[in-house]
Each structure stands twice: as structure tokens, then as C-alpha cells.
Amino acid sequence: MLDVPRRLSPVELTQKQMLALFPTPMFTGKLSDLSLCDRIEAKLRRLQKLGKGTSSPEGAVLAYMTPDNIQTLPEMKELVDVIMDEAGIVLDTLAIKRKSHYISNMWANIANPNRRHNVHIHPNCLLSGLVYIKTPRNCGPTIFMSPRMLTKNIEPSYVRKNELNSDIFVSHAEKGRMLFWPSHLPHAVEQGTANESEERIVVAFNIMIRGLVELPTARLELR
Ligand SMILES: [Fe+2]
């Protein structure tokens with residue numbers, strides 16, 4: 001426990017509360033039918049076999065990425081429907097005015113389960129998300145960083161880590177788990193320690209809205 005001296009004062013503070021200001025909302029859930037992941041994997045493997053998308057050079061650690069418009073493929077519709085429904089719920093929860101919303105980009109990575117991916121954000125969209133399709137045991141987790149992380153010039157040591165003092169959120173890869181987050185949130189894939197006989201497969205996507213944003217001096221027509 002902390003050894004902080006307490007001063008006994010005749011006046012004390014009442015009606016105390018802690019306000020959690022400006023939170024970063026992360027939404028997550030799990031697909032009710034994991035066989036959807038297997039159907040998606042089969043389609044992605046076909047794309048890979050056909051040479052669509054980009055692959056790491058011969059001899060490098062495996063990293064294949066599909067084209068970034070796979071939301072248009074009929075075989076992806078089952079997953080696209082879930083993403084669209086859930087994105088609608090997220091946008092409603094955030095009370096975002098809009099005419100409609102859509103998936104602006106969607107792609108998949110088939111990679112060595114231990115491969116790192118550098119810190120990045122997803123530009124030109126409002127929400128981003130992913131769904132884990134294949135997750136070998138001990139494959140790399142997704143790491144999310146606080147957007148305020150680099151504004152701290154004093155970092156005390158902590159008795160324990162909790163939601164109020166952590167700058168890092170670790171999402172362990174779990175087949176069928178879907179995440180949605182604000183697109184400005186920096187994230188990365190940490191190195192894994194999995195057996196390399198299996199690959200880690202993730203589908204990622206970005207969400208945008210349509211409609212007129214009626215903000216004085218910041219009016220924007222999104223079609
Ligand atoms: Fe990403």
C-alpha cells in the first residue's frame with residue numbers, strides 16, 4: 001500500500017466523485033458462429049493462390065496482404081453484414097449524425113504468427129476495426145496505445161497498473177473476436193512466440209459516414 005500521511009482536518013470534502021473525462025471507446029464482441037472464420041479463410045487463401053494483393057519478397061518473413069477492397073466480394077458478404085450492423089450500433093452509441101455509413105476499405109493479412117507490425121493509425125476514416133480469423137496459440141497480440149502517451153513528460157512508477165494509469169491496451173488474438181476503435185488510435189502487432197507452422201490471419205476494415213456535417217466554419221459534405 002502507499003504510505004501517504006493523512007492530515008486530520010475539521011473540514012472534509014463531501015459529495016466526492018471521479019469523472020472519467022474524454023474516454024477512448026473500444027468496442028468488442030465475438031462472432032456467434034466461428035465457422036464463418038473458416039469460410040473467410042478459404043476465400044482469402046484462394047485470393048492468395050491467385051496472386052491478388054501483395055506478398056513479402058522471397059525469403060522474407062511471410063506477410064501476404066489482400067487487395068484493400070475485399071468488402072465488395074460476394075464471399076465476404078456474411079462478414080460485411082455483421083461489420084455494417086455493429087458499426088451502426090457503434091456510431092449510434094457515439095451519437096454521430098449521418099445519412100449512412102459504409103466500409104471504405106477492407107483487407108486481410110495472412111502472416112507468420114510471430115511477425116511484428118509497426119505502430120500506425122488508419123487515416124481517412126472515422127472508425128477502424130478488425131476480426132481475428134486464425135490465431136495460432138501465442139501468436140502476436142494487437143497493442144493499442146493511448147493517444148496522450150507522448151504528451152507525458154513525468155511518468156511516476158505505479159503500485160499497480162489500472163485503466164487510469166495505463167498507456168497500453170493488449171488485445172490477445174482470439175478467433176472470431178471483433179474490435180472497433182476510433183481511427184486515430186495508434187496500434188501495432190507485437191512479436192509472438194507461436195509455433196511457426198500456422199499463420200495468423202486478420203481481416204481489417206475502415207468505416208466512413210455519408211451526409212452533411214453542419215459545423216460553422218467546418219462544414220463538410222461527405223458523399
Ligand atoms: Fe492497423
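Whatever comes next refers back to the structure up there.
Keep in mind the model is a prediction, meaning the values are calculated, not measured.

Q: Residues and numbers for the overall build of the chain, please.
A: The helix and strand tally for the chain stands at two helices and twelve strands. In the chain, the succession of helices and strands from N to C terminus is β-α-β-β-α-β-β-β-β-β-β-β-β-β. Reported as C-alpha extents along the three principal axes, the dimensions of the chain are approximately 75 × 50 × 35 Å. Counting across all 223 residues of the chain, residues that qualify as buried make up 22%. In the chain, the proportion of contacts linking residues at least 24 apart, taken out of those at least 6 apart, comes to 84%.

Q: Provide a residue-level description of helix H1 (residues 35-49), including the pertinent values.
A: Over its 15 residues, H1 runs 21 Å from end to end, which matches the ideal 21 Å to within 8%, given 1.5 Å per residue. Along H1, the residues classified as buried are Cys37, Ile40 and Leu44. In a view along the axis of H1, the buried residues occupy a sector of 65 degrees, so they form one face of it. In H1, those exposed residues whose orientation departs by more than 90 degrees from the buried face are Ser35, Asp38, Ala42, Arg46 and Lys49.

Q: Outline the sheet that holds strand E10 (residues 187-189), supporting the account with residue identities and numerical values.
A: The strand order E5-E10-E7-E8 describes an open sheet built from four strands, whose pairing is antiparallel. Unpaired on one side and paired on the other, strand E5 (117-120) and strand E8 (168-171) mark the two borders of the sheet. Sheet twist, expressed as the mean angle between neighbouring strand axes with direction ignored, is 15 degrees. The pairing of strand E7 (residues 142-145) with E8 spans four bridges and is classified as antiparallel. Residue pairing for E8: Thr142 is matched across the bridge by Ser171.

Q: Report on helix H2 (residues 77-93), specifying residues and quantitative values.
A: Helix length check: H2, at 17 residues, gives a terminal C-alpha distance of 24 Å against a target of 24 Å (1.5 Å per residue), a fit within 8%. The secondary structure elements touched by the buried residues of H2 are H1, strand E4 (100-111), strand E6 (127-134), strand E9 (177-182) and strand E11 (200-213). Looking at the residues trailing H2, positive phi occurs at Ala95, about 60 degrees.

Q: An account of the nonpolar core is needed here, citing residue identities and associated values.
A: Ranked by size, the top nonpolar core spans 31 residues in total, and within it Ala108, Val131, Ile133, Val202 and Val203 carry the most contacts. Those elements that place two or more of their residues in this core are H1, H2, E4, E6, E9 and E11. Each residue touching Ile133, except ones within four places of it in the same chain, is listed here: Cys37, Ile40, Glu41, Lys175, Ile201, Val202 and Val203.

Q: Describe in detail the environment of His187, supporting the description with residues and values.
A: Along the polypeptide, His187 turns up in strand E10. For His187, a count of 19 C-beta atoms within 10 Å corresponds to the partly exposed category. Counting along the chain gives 18 residues from His187 to Phe169, while the straight-line C-alpha distance between them is 9.3 Å. Not counting residues within four places of it along the chain, the set of residues in contact with His187 comprises Val119, His120, Thr142, Ile143, Phe144 and Met145.

Q: Report on the environment of Ser104, specifying residues and quantitative values.
A: Positionally, Ser104 belongs in strand E4. You can call Ser104 partly exposed: it has 19 C-beta atoms within 10 Å. When near neighbours in sequence (up to four residues on either side) are disregarded, Ser104 contacts Cys125, Asn206, Ile207 and Met208.

Q: Report on unusual backbone geometry, specifying residues and quantitative values.
A: A positive phi angle, close to 50 degrees, is found at Phe22, a residue other than glycine. The topology assignment puts Phe22 in the segment before strand E1 (27-30). Look at Phe22 and you get exposed, because 7 C-beta atoms sit within 10 Å.

How each quantity is defined
Every chain's residues receive numbers from 1 upward, in the order its sequence appears when written. Given that the model is predicted, a residue must reach a pLDDT of at least 70 before its local features are reported, and side-chain atom pairs must reach 80 or more before they are shown or counted; all residues, however, enter totals for whole chains, interfaces and linings. Secondary structure counts use DSSP, requiring at least four H or I residues in a row for a helix and at least two E residues in a row for a strand, with both numbered from the N terminus. Neighbour density around each residue's C-beta defines its exposure: 20 or more other C-beta atoms within 10 Å make it buried, 12 or fewer make it exposed, and counts between make it partly exposed, where C-beta atoms are placed from the backbone. Each residue is represented by a C-beta atom placed from its backbone, and any two residues with such atoms within 7 Å are regarded as in contact. A helix is expected to reach a length of 1.5 Å times the quantity of its residues less one. To obtain the arc, one takes the directions from the helix axis to the C-beta atoms. Whether two strands pair comes down to DSSP finding at least two bridges between them. Here an axis means a line fitted to C-alpha atoms, over the contact stretch when the element is a helix, while the angle between two N-to-C directions is reported on a 0 to 180 degree scale. Nonpolar cores are identified as sets of buried Ala, Val, Leu, Ile, Met, Phe, Trp, Tyr and Cys residues joined via C-beta atoms within 7 Å.

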